[in-house]
Amino acid sequence: MKVYFDNAATTPMDLEVVDLMANMMREEYGNPSSIHAPGRLVRTKIEDARKKIAQLLNCAPGEIFFTSGGTEADNMAIRKSVSDLGVKHIISTEIEHHAVSHTIEELVAAGKVESNMVKLHANGQIDMAHLEELLKANPNALVCLMHANNEIGSMIDIDQVAELCKTYHALFQCDTVQTMGHYAFDLSKTRISFLAASAHKFNGPKGVGFIYINHETKISPYLTGGSQERNMRGGTENVYGIVGLAKALEISCTHLEADKARIDALRKYMAEELTKNIPGVQFNGDLHGRSLYTVLNANFPPSPINEMILFKLDIAGIAASGGSACTSGTNIGSHVLNALKVDPNRASVRFSFGRQNTKEEVDYVVGKIKEMFS
Ligand code: PLP
């Protein structure tokens, strides 16, 4: 049996999206900047994709800019806030994705900005009182907090954070790479300055994503060149990717509630089965609290086989991800688990689910893990 439990790393593409993109690749090759008919046809497809996304998120099409993915969107938001919007202070956490944390670190090292990290609870939830203290002490800051953590699944209360940012006149950059297409967004109600998304996390193609930039937030071009993306990002658009992204998001949003209920049940079932079968197993994150329903981060007790779990799973046809707090012989491991002081003698494995996964697959995986530990 082959089991893919690494959907937080990337998801398999929806076949309807594959067909749509392949047909377009065969037939529509115009450059969207050309004014002739083949160019105009492709331009229309890009603008239709933008409108579709805006409709799904309840924002204006002019607030959506296509990028090469989540990393570029995160970089754009943070770098432009500092260079164009006079941000002198960034408030973030130690468990952000490297697209955010390394960008902040670089800007801090260059002396362009200062930063403070919000305190975290052991389950990965942020200390809201500390966030408010930092906001009070640093007016007009940029707050960079991810909607859901990609390793352990802990989530912020996005509306509560947005309200706090509004109260203290802070910009709010939210990395929604793990939640876009998995949760409903209404950007007319949730006040976010920048939001980052990536198609390959919701059954779309790799190498394409978008940034939402609230219309009140005005920045200069990120990539200078042609006038694509309304002058914000020069370069011929990834037209097939953009069309695939919009279709994938539409499909995900259509089935969102049903998929959410089914996948959440699968995740909880796996947690129960592991608890029944593997003595001493624990779970990183906030399993029964505000948590991404696609991620289960299991934490296994110290054992000689710990170093081999992922390898043995791979041999058994199971794709999952590591995330040990400390890997053998070196002191580098997951920055998320390290920040949360997860015991480095225990092994952490992230199982992340998608709409294609089944209960039979969970049974197979738990059976293999049980064999390993017996
Ligand atoms: N942010 C988060 C939370 C992610 O999980 C990822 C991908 O793993 C990224 C950003 C980067 O996205 P992309 O692969 O589209 O650059």
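As a reminder, the structure under discussion sits directly above these lines.
Conventions and cut-offs
Residues numbered from 1 in each chain as written. Predicted model: local features only at pLDDT ≥ 70, side-chain atom pairs only at ≥ 80, totals over all residues. Heavy atoms only, no water. Helix = DSSP H or I, 4+ residues; strand = E, 2+ residues; numbered from the N terminus. Buried < 20%, exposed > 50% of the residue type's maximum accessible area, 1.4 Å probe, protein only. Polar contact = N/O pair within 3.5 Å; in protein donor to acceptor, adjacent residues only side chain to side chain. Contact = heavy atoms within 4.5 Å. Near = heavy atom within 4 Å. Areas by Shrake-Rupley, 256 points an atom, 1.4 Å probe, with all protein chains shown as cover. Nonpolar A, V, L, I, M, F, W, Y, C, P; charged D, E, K, R; others polar. Expected span 1.5 Å × (residues − 1). Arc of directions from axis to C-beta. Salt bridge = Lys/Arg side-chain N within 4 Å of Asp/Glu carboxyl O. Pairing = 2+ DSSP bridges. Axes fitted to C-alpha atoms, helices over the stretch in contact; angles between N-to-C directions. Core = buried A, V, L, I, M, F, W, Y, C linked by side-chain atoms within 4.5 Å. Domains from an automatic or database assignment. Phe/Tyr/Trp six-rings, centres within 6.5 Å; stacked < 30°, edge-to-face > 60°. Parallel < 35°, antiparallel > 145°, perpendicular 65-115°, else oblique. Left-handed = near helix turned anticlockwise from the far one by under 90°.

Undergrad: I'd like a rundown of the side chain of S291, residues and numbers included.
TA: With respect to the helices, strands and loops of the structure, S291 is situated in the loop between β9 (282-284) and β10 (295-300). Exposure remark for S291: the relative accessible area of 9% places this residue in the buried category. Polar side-chain contacts of S291 include one of 3.3 Å to the side chain of R267. For S291, the contacting residues outside a window of four places in its chain are I152, G153, M155, Y183, R267 and D286.

Undergrad: So what's going on with the site of the ligand? Residues and values would help.
TA: Taken together, 13 residues are adjacent to the ligand, and G70, T71, D175, S198 and K201 come closest. For the ligand, an oxygen atom lies 2.9 Å from a polar atom in the side chain of Q178. Within the side chain of K201, a nitrogen or oxygen atom sits 2.6 Å from an oxygen atom of the ligand. For the ligand, the protein covers 85% of the area, taking 390 Å² as the surface of the free molecule. The element that contributes the greatest number of residues to the shell around the ligand is helix α3 (residues 70-84), accounting for three residues. Broken down by class, the residue content of the shell around the ligand amounts to two nonpolar, eight polar and three charged.

Undergrad: An account of helix α11 (residues 359-373) is needed here, citing residue identities and associated values.
TA: A rise of 1.5 Å per residue sets the reference length of α11, with its 15 residues, at 21 Å; its end C-alpha atoms lie 21 Å apart and thus fit the reference within 8%. The set of residues buried in α11 consists of E361, V362, V365, V366, I369 and M372. For α11, the angular spread of the buried residues around the axis is 130°, confining them to a single face. In α11, the exposed positions angled more than 90 degrees off the buried face are occupied by E360 and E371. As for α11, its buried residues are in contact with β1 (3-4), α8 (256-277), β10, α9 (309-315), β11 (318-319) and β12 (347-352).

Undergrad: Residue-level account of the pattern of salt bridges, with values.
TA: A full pass over the atoms with the stated rule returns 20 salt bridges. The shortest N-O distance in the salt bridge between R350 and D6 comes to 3.1 Å. In this pair, R350 sits in strand β12 while D6 sits in the loop between β1 and α1 (15-27), placing the two residues 344 residues apart along the sequence. For the pair R350 and D6, a shared accessibility class is recorded, and that class is buried. One salt bridge connects E72 with R233, and the closest N-O pair in it is separated by 2.4 Å. Residue E72 is found in helix α3, and its partner R233 is found in the loop between β8 (209-213) and α7 (239-254); the two are separated by 161 residues along the sequence. Note on accessibility: E72 and R233 belong to one class, buried. Each of the salt bridges in this network shares a partner with another, and the network as a whole consists of R43, E47, R50, E229 and E237.

Undergrad: Report on the sheet that holds strand β6 (residues 171-175), specifying residues and quantitative values.
TA: The seven strands are arranged β2-β8-β7-β6-β5-β3-β4 in an open sheet whose pairing can be described as mixed. A single partner strand is all that each edge strand has here, and the edge strands are β2 (64-67) and β4 (114-117). Neighbour to neighbour, the strand axes of the sheet diverge by 20° on average, direction disregarded. Against the sheet, α3 contacts β2, β3 (89-92), β5 (142-144), β6, β7 (194-198) and β8, and its axis sits at roughly 160° relative to β7.

Undergrad: A description of the nonpolar core should follow, citing residues and the corresponding values.
TA: Core analysis: the biggest nonpolar cluster contains 87 residues, and F172, F210 and F351 have the highest contact counts within it. Top contributing element to this core by residue count: α7, with nine residues. Three or more residues apiece are contributed to this core by two domains, here domain 1 (3-10 + 256-373) and domain 2 (15-254). Sequence-distant contacts of F351, defined by excluding residues within four places in its chain, comprise F5, M270, T294, V295, L296, A298, F300, L313, A320, V365 and I369. Counting eleven residues, the second largest nonpolar core, distinct from the first, contains V113, L142, C144 and L171.

Undergrad: Got a sec to walk through the packing of aromatic side chains? Specific residues and values, please.
TA: The relative placement of two aromatic rings is captured by the distance of their centres and the angle of their planes. In the structure shown here, the tally under the stated rule is four aromatic pairs. Between F5 and F351, the aromatic rings sit 6.5 Å apart at their centres with planes inclined by 85°, giving edge-to-face as the arrangement. Residue F5 is located in the loop between β1 and α1, and its partner F351 is located in strand β12; the two are separated by 346 residues in the primary sequence. An identical accessibility class is assigned to F5 and F351; each is buried. Connected via pairs of aromatic rings, a cluster forms that spans F5, F351 and F353.

Undergrad: Can you tell me about the packing of helix α2 (residues 37-57) against α7, naming the residues and giving the values?
TA: In a pair of packed helices, the angle between the axes and the distance between the axes together describe the arrangement. For the pair α2 and α7, the least separation of the axes is 9 Å and the interaxial angle reads 30°. Relative to α7, α2 is oriented roughly parallel. Remark: the crossing between α2 and α7 carries left-handed chirality. Contacts between α2 and α7 involve V42, K45, I46, A49, K52, I53 and L56 from the former and V239, I242, V243, L245, A246, L249, E250 and C253 from the latter. Of the residues in the contact of α2 with α7, the class split is twelve nonpolar, no polar and three charged.

Undergrad: Can you break down the sheet that holds β9 residue by residue, with the values?
TA: Across the sheet, which stays open at both edges, the three strands sit in the order β9-β10-β12 with antiparallel pairing between neighbours. On the outer flanks of this sheet lie β9 and β12, each paired with one strand and no other. Geometrically, the sheet is characterised by an average inter-axis angle of 35° between neighbouring strands, direction not taken into account. Relative to β12, β10 is paired through six bridges, and the arrangement is antiparallel.

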